[in-house]
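Here is what each chain is made of, one letter per residue.
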Amino acid sequence: MHPKLRELPWDDVRVFLAVARAGSLKGAAAQLAVDKATVSRRLGALERWLDGRLFLRTREGLKPSELGQRLTPHAEAMESAARGFTSTSTPGPSKPERVRIATTEALAARLVRSGLLDLCEAHPNLELDLLGGNRPVNLLRGEAELALRFSPPTQKSLRSRIVARLGFGLYASARYLTRRG
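In this report, we go over the structure that sits alongside the text. What you are looking at is a predicted structure, and each value in this text was computed from that prediction instead of being measured.

Moving on, we get to the pattern of salt bridges. In the structure shown here, the tally under the stated rule is 8 salt bridges. With a shortest N-O distance of 2.6 Å, Arg-98 and Asp-129 are connected by a salt bridge. Highlighted residues: Arg-98 in strand S3 (residues 97-103) and Asp-129 in strand S4 (residues 126-132), separated in sequence by 31 residues. Linking Glu-143 and Arg-135 is a salt bridge whose minimum nitrogen-to-oxygen distance equals 3.7 Å. Overall, the relative accessible area of 29% leaves Glu-143 in the partly exposed class. Judged by its relative accessible area of 54%, Arg-135 is exposed. Several salt bridges converge on common partners, so that one network encompasses Asp-11, Asp-12, Arg-14 and Arg-42.

This is the structure:
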């Protein structure tokens, strides 16, 4: 094992990820159910361990520095691995996996019509919440796990994939076009 890996402050990585998602010490403290001073102290300890600054203070809150941006996907992978480690080690029937999907109202209706209910029946431990609307959700802050949108994400640490191509058309009566051009 690499010597520095033995010293890795695993729990401080969780604090780093909470701050990245919340954009503030206070928001991260609320997510983690600890006080703001604890978040600040743990974040400072991780920055000393890394010998680098993880966040920049801006008017909008804390924004990941270049180092913070590079480390965010790795912290998310650690979180996912820890979740898998925990769920695999739990004996007996596992608790339902809740997945929130943010999409437009039209796409939400189409998903339900095209088999989303069948998916839930085939996987009884899957609970799906559809968040229909055009309001952008912040996946990094945990507002949803998946988002189906017509435009690519603006947050660099998110992975995106084209899942479908949709055609659009404009229709008008001949009378309307004669009047309006």
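After presenting the structure, the write-up continues.
A separate point is the pairing of S4. Bridge analysis of S3 against S4 gives 7 bridges, and the strand direction is parallel. Each residue of the ladder has a partner; that of Val-99, found in S4, is Leu-128. With respect to chirality, the unit in which S3 leads through helix H6 (residues 105-122) into the neighbouring parallel S4 is right-handed.

This part takes up unusual backbone geometry. Backbone geometry at Ala-33 places phi at a positive 60°, although glycine is not the residue there. One can find Ala-33 in the loop between helix H3 (25-32) and helix H4 (36-50). For Ala-33, a relative accessible area of 70% puts it in the exposed group. Even without being a glycine, Asp-51 presents a positive backbone phi close to 55°. Relative to the assigned elements, Asp-51 resides in the loop between H4 and strand S1 (55-58). For Asp-51, a relative accessible area of 72% gives the class exposed.

As a further point, take the nonpolar core. Counting residues in each nonpolar core, the largest one holds 21 residues, and the members touching the most others are Phe-16, Val-19, Val-39, Leu-43, Leu-54 and Phe-55. Taken together, the elements giving at least two residues each to this core come down to helix H2 (10-22), H3, H4 and helix H5 (66-89). Among the elements that take part in this core, H2 stands out by supplying 8 residues, more than any other.

On the secondary structure map, Leu-71 appears in helix H5. Sequence-distant contacts of Leu-71, defined by excluding residues within four places in its chain, comprise Phe-16, Leu-50 and Leu-54.

Sheet architecture is open: 3 strands sit in the order S4-S3-S5, paired in parallel fashion. If you trace the sheet from one side to the other, it starts and ends with S4 and strand S5 (146-147), each paired once. Contacts from H6 reach S3 and S4 within the one sheet, and its direction differs from that of S4 by about 170°.

Given 3.6 residues per helical turn, the α-helix brings residues three or four places apart onto the same face. Between its terminal C-alpha atoms H4 stretches 21 Å, which fits the 21 Å expected from 15 residues at 1.5 Å a residue. Tucked into the core, H4 has its buried residues touching H2, H3 and S1. Asp-51, located one to two residues past H4, shows a positive phi value of around 55°.

What counts, and at which threshold
- All chains use their own residue numbering, which begins from 1 and follows the written sequence.
- Local features in this predicted model are restricted to residues of pLDDT 70 or higher, and side-chain atom pairs are both shown and tallied only at a pLDDT of 80 or more, whereas totals for entire chains, interfaces and linings draw on every residue.
- Side-chain metrics rest on all non-hydrogen atoms present in the structure, leaving aside hydrogens and water.
- One speaks of a salt bridge when a side-chain nitrogen belonging to Lys or Arg is within 4 Å of a carboxyl oxygen belonging to Asp or Glu.
- Only DSSP runs of H or I covering at least 4 residues are called helices, and only runs of E covering at least 2 are called strands; the numbering of each starts at the N terminus.
- The rule is simple: take the accessible area with a 1.4 Å probe, protein chains only, and divide by the maximum for that residue type; under 20% is buried, over 50% is exposed, in between is partly exposed.
- Strand pairing is assigned whenever DSSP detects at least two bridges linking the two strands.
- Convention used here: a crossover is right-handed provided that the path from the first strand, over the helix, to the second strand proceeds clockwise when the strands point away from the viewer.
- To form a nonpolar core, buried Ala, Val, Leu, Ile, Met, Phe, Trp, Tyr and Cys residues must be joined to one another through side-chain atoms within 4.5 Å.
- Here, residues are in contact when the closest pair of their heavy atoms is within 4.5 Å.
- As a rule, the C-alpha atoms of each element are fitted with a line to give its axis, helices using only the stretch in contact, and angles between N-to-C directions run from 0 to 180 degrees.
- By definition here, a helix of n residues has an expected span of 1.5 Å times n minus one.

All quantities given are derived from atomic positions and should not be read as evidence of function.
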